[in-house]
Amino acid sequence: MDEITSKLLGLVADWNGTDFKGAYNIRKDSGCAGRQNSENITIENKNDNPGIVIKIGAGAQKETVYIPACVTHGGVNDLVYNDFYVEDGADVIIVAGCGVHSDDEEEARHNGIHRFFVGKNAKVLYKEKHIGTGNGKGAKKIDPVTDIVMEEGSYVEMDTTQIGGVTHSNRLTTAKLGAGAKLVIRERLMTDNDETAKSDFVVVMDGEDSGVDLVSRSVAKGNSYQDYHSVIKGNCRCTGHSACDAILAGNGRVNATPELYAGDLDASLIHEAAIGKIAGEQLIKLRTLGLTAEEAEQKIIDGFLK
Amino acid sequence: MLELKDIRWKLPEGEEILKGINLSIPDGKLTVVTGPNGGGKTSLAKIIAGLYEPAEGQIILDGEDITKWDITERAKGGIAYAFQQPVRFKGLTVRDLLEMSAETKLKEEKVCSLLGEVGLCAREYMDREADASLSGGESKRIEIATVLARKGAKMLVFDEPEAGIDLWSFTNLIEAFQRLKNEDERSLLVISHQERIMEIADHIVVISDGKVKMQGSRDEILPQLLSEHGAAHKCPLGKSVKEEF
């Protein structure tokens, strides 16, 4: 494995230089750089589009599957369709994520379209990290689309992080929840320089007693711009909570548009939002603990995005 | 020893709050600064910690002029300060704050010990975010614990540590102050209206209208305070002379 790929895999999927344990598929520059199935998880090529089909059997209990993708140079516009079928009662950790690297003038882009079909009472922890690296002037773009269909009693936790260096990102996440299904989304986003990041979440609760908890925390530094839009629709007895907190630094800008729709008398929906610079008193407190102003700011940001 | 020489400080609007404070805070002793609200006590504490810059005067720590030192330099130089109104942080845990203060990773037992000193059950709190989900009293106790944890502190400054904490925690706090006083070489400067804190003080300083009105040993000052200002006001935490000035 070359140095850039190895580094990107380390950053987005905790690759330690040897094979992943269990099932995995490594996508590199629009091709497959390695694949392995396990007893309970099989990975096959799609027939209709570039991408793979991941089938997770009920025998998978706390099992991990790795599906990272890397773009290692400019001039690559990667488009991939990955479908995850999670059988009733399965319990799986999916480590996805993408790193895009460019040392040249050309654009490096990854566009991953992930669809999840989560069976009854199945449990999914979906971990996704995105990062851009390299000194090239070419844009580093990541445009993930995540569609989740959750059946009765299922649970999905989506932990998505954009660490930095991605010049443009445009995320769209949609979810449809069946009865008793619970969805937890944690988004952490850092932009700097002239980067832009757009996040759209649309969660529709059609099943009685379903629930969603969506928390986005972001830091906009430099001249970067973030656009956050969430829609939570409750069409039945259900609970929805969304929170959008952003820290501004430098000339960073954030637009947050949370939207709630209650289509049923028993839908209980809440939204919280806070955008602002780091409070002066927070910096002062940490300085009284011996940190410099710069160290204090970094600690606050690191903690906020932890 | 910390010496304050002719400290003056005014609000940006021009009103003079501290009008020439002269004070010596001895090493290894507990000094309580008391006096009426608005008299300049918190301003004085913030000047000592470097949060405010005096318009005039000098601050001398162990013979060194630290008047121009900023907040970080004061902290590194040995001054630890507990805010009257604790600051909340989204994302930073109680343990994070204690470790920053101690400038090292802390073993679980040490975190437990620090939180136990302020009456918190450590295992429930150490990994909690120090954010708005904590009550005012919980935040206050954690604020005090960050000062107890401070590495290399020579002088611990507490601004109304009794405010917002319950009776049981207050008793723990008194015991903690007593222990620090007895076991430590560190100096304690406590802004307080509480008679129970004054009762364990070595020195008491009364500040009113931006000036030192009285100062001396506890045995000199406390009886005067109590006699001059009538019977001490009873409150759930013991006795307060706060409202009698």
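See the structure printed just above.
This section reports on the structure supplied with the text. Here the structure is a predicted model, which means the values were calculated and not measured.

1. Structural notes on the overall build of chain A
Across its full length, chain A carries 3 helices and 22 strands. For 306 residues, the compact-globule estimate of 2.2 N^0.38 gives 19 Å, and chain A sits close to it at 20 Å. For chain A, with 306 residues in total, the buried portion stands at 46%. The long-range share in chain A, meaning contacts at least 24 apart out of those at least 6 apart in sequence, stands at 79%.

2. What to know about the sheet that holds strand β8 (residues 187-191) of chain B
All names here are of chain B. Pairing within the open sheet is mixed, and its 6 strands lie in the order β6-β7-β8-β3-β9-β10. The open sheet terminates on both sides in strands that have one partner only, identified here as β6 (79-82) and β10 (211-217). Between one strand and the next, the sheet's axes are offset by a mean angle of 15°, whatever the strand orientation. Strand direction decides the pairing type here: strand β9 (residues 203-208) and β10, joined by 6 bridges, are antiparallel. Residue Ile-204 lies in a different strand from β10, and its bridge partner there is Gly-216. Along the sheet, helix α7 (residues 167-183) contacts β3 (30-34) and β8; its crossing angle with β8, the most-contacted strand, is approximately 150°. Across the sheet, helix α9 (residues 218-228) is in contact with β9 and β10; its angle to β10 comes to roughly 125°.

3. A few points about the packing of helix α2 (residues 280-288) of chain A against helix α3 (residues 293-305) of chain A
Between two packed helices, what matters for the description is the angle formed by their axes and the separation of those axes. All names here are of chain A. It is at 9 Å that the axes of α2 and α3 come closest, and there the two elements cross at 115°. With respect to α3, the element α2 is oriented roughly perpendicular. Along this stretch, α2 crosses α3, giving a crossing that reads as right-handed. Every residue of α3 that contacts α2 at Gln-282, Leu-283, Leu-286 and Arg-287 is listed here: Ala-293, Ala-296, Glu-297, Lys-299 and Ile-300. Counted by class, the contact of α2 with α3 contains 5 nonpolar, 1 polar and 3 charged residues.

4. As for the nonpolar core
Ile48(B), Tyr81(B), Ala145(B), Val157(B) and Val190(B) are the most contacted members of the largest nonpolar core, which totals 88 residues. When sequence neighbours within four positions are dropped, the list of residues in contact with Val190(B) reads Leu30(B), Val32(B), Phe158(B), Pro161(B), Phe177(B) and Ile197(B). Ile41(A), Val86(A), Ala90(A) and Val100(A) belong to the second-largest nonpolar core, a separate cluster that totals 56 residues.

5. Things to note about the pairing of strand β16 (residues 182-191) of chain A
Regular strands place side chains that alternate from one sheet face to the opposite one. Residues and elements named next belong to chain A. Note: strand β14 (residues 155-164) against β16, 8 bridges, orientation parallel. From the neighbouring strand, Val-156 faces β16, where its bridge partner is Leu-183. Where β16 lies against strand β18 (residues 210-220), 10 bridges are found, and the strand directions are parallel. Within the sheet, the bridge partner assigned to Met-190 lies in β18 and is Val-219.

6. A few points about the pairing of strand β7 (residues 155-159) of chain B
All names here are of chain B. Of all 5 residues making up β7, 5 are buried, and the element is well covered by its neighbours. Both faces of β7 are covered, namely the face carrying Met-155, Val-157 and Asp-159 and the face carrying Leu-156 and Phe-158. In terms of strand pairing, β6 meets β7 through 4 bridges, oriented parallel. Bridging from a neighbouring strand, Ile-79 pairs with Met-155 of β7. Pairing analysis gives 5 bridges linking β7 to β8, with the strands arranged parallel. Directly across from Asp-159, in β8, lies its bridge partner Ile-191.

7. Thoughts on the interface of chain B and chain A
Taken together, the contact between chain B and chain A spans 19 residues of the former and 17 residues of the latter. Of all the secondary-structure elements, those providing two or more residues to the side of chain B that touches chain A are α2 (71-77) and α3 (94-102) of chain B. For the side of chain B that touches chain A, the element with the highest residue contribution is α2(B), accounting for 4 residues. For the side of chain B that touches chain A, the class distribution of residues is 10 nonpolar, 4 polar and 5 charged.

8. Thoughts on α7(B)
Taking 1.5 Å as the rise per residue, α7(B) with 17 residues should run 24 Å; its terminal C-alpha atoms sit 24 Å apart, in good agreement. Residues of α7(B) that are buried in the fold lie against β3, α4 (108-117), α6 (136-148), β8 and α8 (195-199) of chain B.

9. Considerations on the sheet that holds strand β1 (residues 2-10) of chain B
Residues and elements named next belong to chain B. Strand order in the open sheet made by the 4 strands is β2-β1-β4-β5, with antiparallel pairing throughout. Each edge of the sheet is formed by a strand with only one pairing partner; in this case those strands are β2 (16-25) and β5 (64-65). Relative to β5, strand β4 (residues 56-61) runs antiparallel, the two being bridged by 2 bridges. Across the sheet, Ile-60 pairs through a bridge with Asp-65, a residue of β5.

Cut-offs applied
- Residues numbered from 1 in each chain as written.
- Chains lettered and ligands numbered in written order.
- Predicted model: local features only at pLDDT ≥ 70, side-chain atom pairs only at ≥ 80, totals over all residues.
- Helix = DSSP H or I, 4+ residues; strand = E, 2+ residues; numbered from the N terminus.
- Rg over C-alpha atoms; globule rule 2.2 N^0.38 Å.
- Buried ≥ 20, exposed ≤ 12 C-beta atoms within 10 Å, placed from the backbone.
- Contact = placed C-beta atoms within 7 Å.
- Pairing = 2+ DSSP bridges.
- Axes fitted to C-alpha atoms, helices over the stretch in contact; angles between N-to-C directions.
- Parallel < 35°, antiparallel > 145°, perpendicular 65-115°, else oblique.
- Left-handed = near helix turned anticlockwise from the far one by under 90°.
- Nonpolar A, V, L, I, M, F, W, Y, C, P; charged D, E, K, R; others polar.
- Core = buried A, V, L, I, M, F, W, Y, C linked by C-beta atoms within 7 Å.
- Expected span 1.5 Å × (residues − 1).

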